[in-house]
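Given next are the chains, with one letter for each unit.
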Amino acid sequence: MDYLSIEEARRTDGLRLVLVPGTPGAWAECVKGIYHVKGLSYKPVAHLVDGPHDELREWTGQTSAPVAAYNDERIRITWENMLWQAEQLAPEPKLIPENAKDRVAMFGLLREFAGECGFAWDRRLQTIARSGGPEAAPVLAYLARKYGYSEVEVEASYIRVSQLLELCSDTLEEQKAKGSPYYIGDSLTALDIYSAVLIAIMMKPLPPEKIPMPDAMRYGFSDNHPSLDSARNIVFEHRDYIFEKYLELPMDF
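Residues numbered from 1 in each chain as written. Predicted model: local features only at pLDDT ≥ 70, side-chain atom pairs only at ≥ 80, totals over all residues. Heavy atoms only, no water.

Peer 1: Report on the overall build of the protein chain, specifying residues and quantitative values.
Peer 2: Along the backbone of the protein chain there are 11 helices and three strands. Along the protein chain, helices and strands appear, N-terminal first, in the series α-β-α-β-α-β-α-α-α-α-α-α-α-α. Radius of gyration (C-alpha) of the protein chain: 18 Å, near the 18 Å computed for a compact globule of 253 residues. Accessible area for the protein chain stands at about 12000 Å²; split by element, carbon and sulfur atoms hold 51% of it. (Helix = DSSP H or I, 4+ residues; strand = E, 2+ residues; numbered from the N terminus. Rg over C-alpha atoms; globule rule 2.2 N^0.38 Å. Areas by Shrake-Rupley, 256 points an atom, 1.4 Å probe, with all protein chains shown as cover.)

So this is what it looks like as structure tokens:
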């Protein structure tokens, strides 16, 4: 990808997305998937995790990626407000249900994937533990501070992940019985994209020719903890269906 610097991005109009180059950031790849489905063009902006963070903090008020900026609108720094912004910029295809009941159901499960102490958060905690803990490397210490690492939280994360994967399996099997390959109703929603992308990166990652990633990251996400057994085959079938029909491989970052 041809990245802008933060300084260049601040002088540029249009849709810009702050990303970490060279690695499949879980939340970032989900946003990129949303943009792809909606046909939204954006300019990638480089944020170096091990570099100075002053420019990003000055621009966005914080130091994490992804971040979405559009013209002179307010900066979007959470997965939820980036999703709503994408829906407003490109109303079709709709990825947020109009029906209130379906919308509540979607955001409830989506929060369990992308929110604090959700699947992506918990898998980060688990990879820190699998890689030797905060003392093993400076980047692990950085991530441990960011995600509130502790032995107690790691143990709790396994319970949450197991519960979510079982719920996802149940939901997808119920939907399949109704003739739908999607989590909600009969059409694609943001939940389908987030589930497919996060499972593909953070649980039995797709092979390097589809998702190239640093060896240490692949090692961290390739564990076989019993909590992951709660994901039945239908979760991976859903992942493959969404990528085949809607998303692009190999991932580019």
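Peer 1: Give me the lowdown on the environment of Tyr-241, citing residues and values where you can.
Peer 2: Summarising the element assignment, Tyr-241 is placed in helix α11 (residues 233-245). Tyr-241 gets classed as partly exposed once you look at its relative accessible area, which sits at 29%. Between the alpha carbons of Tyr-241 and Leu-83 there is a distance of 22 Å; along the sequence they are 158 residues apart. Once residues lying within four places of it in the same chain are set aside, the contact partners of Tyr-241 are Pro-181, Tyr-182 and Tyr-246. Polar contacts involving the side chain of Tyr-241 include one to the side chain of Tyr-182, which spans 3.4 Å. (Buried < 20%, exposed > 50% of the residue type's maximum accessible area, 1.4 Å probe, protein only. Contact = heavy atoms within 4.5 Å. Polar contact = N/O pair within 3.5 Å; in protein donor to acceptor, adjacent residues only side chain to side chain.)

Peer 1: Describe the sheet that holds strand β1 (residues 15-19), and please don't skip the residues or the numbers.
Peer 2: Strand pairing within a sheet occurs via backbone hydrogen bonds; the two strands may be parallel or antiparallel. Taken in spatial order, the three strands make up an open sheet running β2-β1-β3, and their pairing is mixed. Edge strands, defined here as strands with exactly one partner in the open sheet, are β2 (43-46) and β3 (67-70). Here the average twist between neighbouring strands, direction ignored, is 25°. As defined by bridge partners, β1 adjoins β2 across four bridges and the pair is classed as parallel. (Pairing = 2+ DSSP bridges. Axes fitted to C-alpha atoms, helices over the stretch in contact; angles between N-to-C directions.)

Peer 1: Tell me about the pairing of β1, and please be specific about residues and values.
Peer 2: In terms of burial, β1 is a largely internal element, five of the five residues being buried. By the alternation rule, side chains of β1 split into Leu-15, Leu-17 and Leu-19 and Arg-16 and Val-18, which are all buried. Pairing geometry for β1 and β3, over four bridges, is antiparallel. Residue pairing for β3: Leu-17 is matched across the bridge by Ala-68.

Peer 1: Quick one: what's the story with the nonpolar core, residue by residue and with numbers?
Peer 2: In terms of nonpolar packing, the biggest core is built from 74 residues, with Met-106, Leu-110, Phe-119, Tyr-194 and Leu-198 touching the most fellow members. Once residues within four sequence positions are removed from consideration, Met-106 is found in contact with Leu-83, Leu-95, Ile-96, Pro-97, Ile-184, Thr-189, Ala-190 and Leu-191. Within the second largest apolar cluster, eight residues are counted, among which are Ala-9, Val-18, Val-45 and Val-67. (Core = buried A, V, L, I, M, F, W, Y, C linked by side-chain atoms within 4.5 Å.)

Peer 1: Which residues make up the pattern of salt bridges, and what values do they have?
Peer 2: Close approach of charged atoms allows side chains of opposite charge to pair. One pass over the structure, following the stated rule, counts 14 salt bridges. Each of Glu-92, Lys-94 and Glu-98 takes part in a single network of salt bridges with overlapping partners. (Salt bridge = Lys/Arg side-chain N within 4 Å of Asp/Glu carboxyl O.)

Peer 1: Explain the packing of aromatic side chains residue by residue, including any values.
Peer 2: Centre-to-centre distance and the angle between the planes together describe a pair of aromatic rings. This structure, assessed with the given rule, holds nine aromatic pairs. Ring centres of Trp-27 and Tyr-147 lie 6.3 Å apart, and the angle between their planes is 10°; on these two criteria the pair is classed as stacked. With a gap of 120 residues between them, Trp-27 in helix α2 (residues 26-38) and Tyr-147 in helix α7 (residues 138-147) connect regions that are remote in the sequence. Tyr-147 matches Trp-27 in its accessibility class, with the two residues each being buried. An angle of 15° between the planes, with centres 5.9 Å apart, marks the rings of Trp-84 and Phe-107 as stacked. One end of the pair, Trp-84, is in helix α4 (residues 79-89); the other, Phe-107, is in helix α5 (residues 100-114), and 23 residues separate them in sequence. Judged by relative accessible area, which is 33%, Trp-84 ranks as partly exposed. Under the relative-accessibility criterion, Phe-107 is labelled buried at 14%. For the cation-ring pair, Arg-130 lies above Tyr-219, with the distance from its terminal atom to the ring centre recorded as 4.0 Å. (Phe/Tyr/Trp six-rings, centres within 6.5 Å; stacked < 30°, edge-to-face > 60°. Lys NZ or Arg CZ within 6 Å of the ring centre and 35° of its normal.)

Peer 1: Give me the side chain of His-238: which residues, what numbers.
Peer 2: Along the chain, the position of His-238 falls in helix α11. Those residues in contact with His-238 that sit more than four places away from it in its chain are Leu-172, Pro-181, Tyr-183, Asp-192, Ser-195 and Ala-196.

Peer 1: Could you give me a rundown of the packing of α2 against helix α9 (residues 190-202), with the residues and numbers involved?
Peer 2: Between two packed helices, what matters for the description is the angle formed by their axes and the separation of those axes. Where α2 contacts α9, the two axes come as close as 9 Å, and the packing angle between them is 135°. Taken together, α2 and α9 sit at an angle that is classed as oblique. Handedness of the crossing formed by α2 with α9: right-handed. Of the residues in α9, those touching α2 at Ala-26, Glu-29, Cys-30, Val-31, Gly-33, Ile-34 and Val-37 are Ala-190, Ile-193, Tyr-194, Val-197, Leu-198, Ile-201 and Met-202. (Parallel < 35°, antiparallel > 145°, perpendicular 65-115°, else oblique. Left-handed = near helix turned anticlockwise from the far one by under 90°.)

Peer 1: Before we move on, could you go through unusual backbone geometry and cite the residues and values that matter?
Peer 2: Here the residue pair Ala-65 and Pro-66 is connected by a cis peptide bond, since its omega of 10° sits within 30 degrees of zero. By the secondary structure assignment, Pro-66 is in the loop between α3 (54-60) and β3. The peptide bond linking Glu-92 to Pro-93 adopts the cis configuration, its omega dihedral lying at -10°. Looking at the element boundaries, Pro-93 is found in the loop between α4 and α5.

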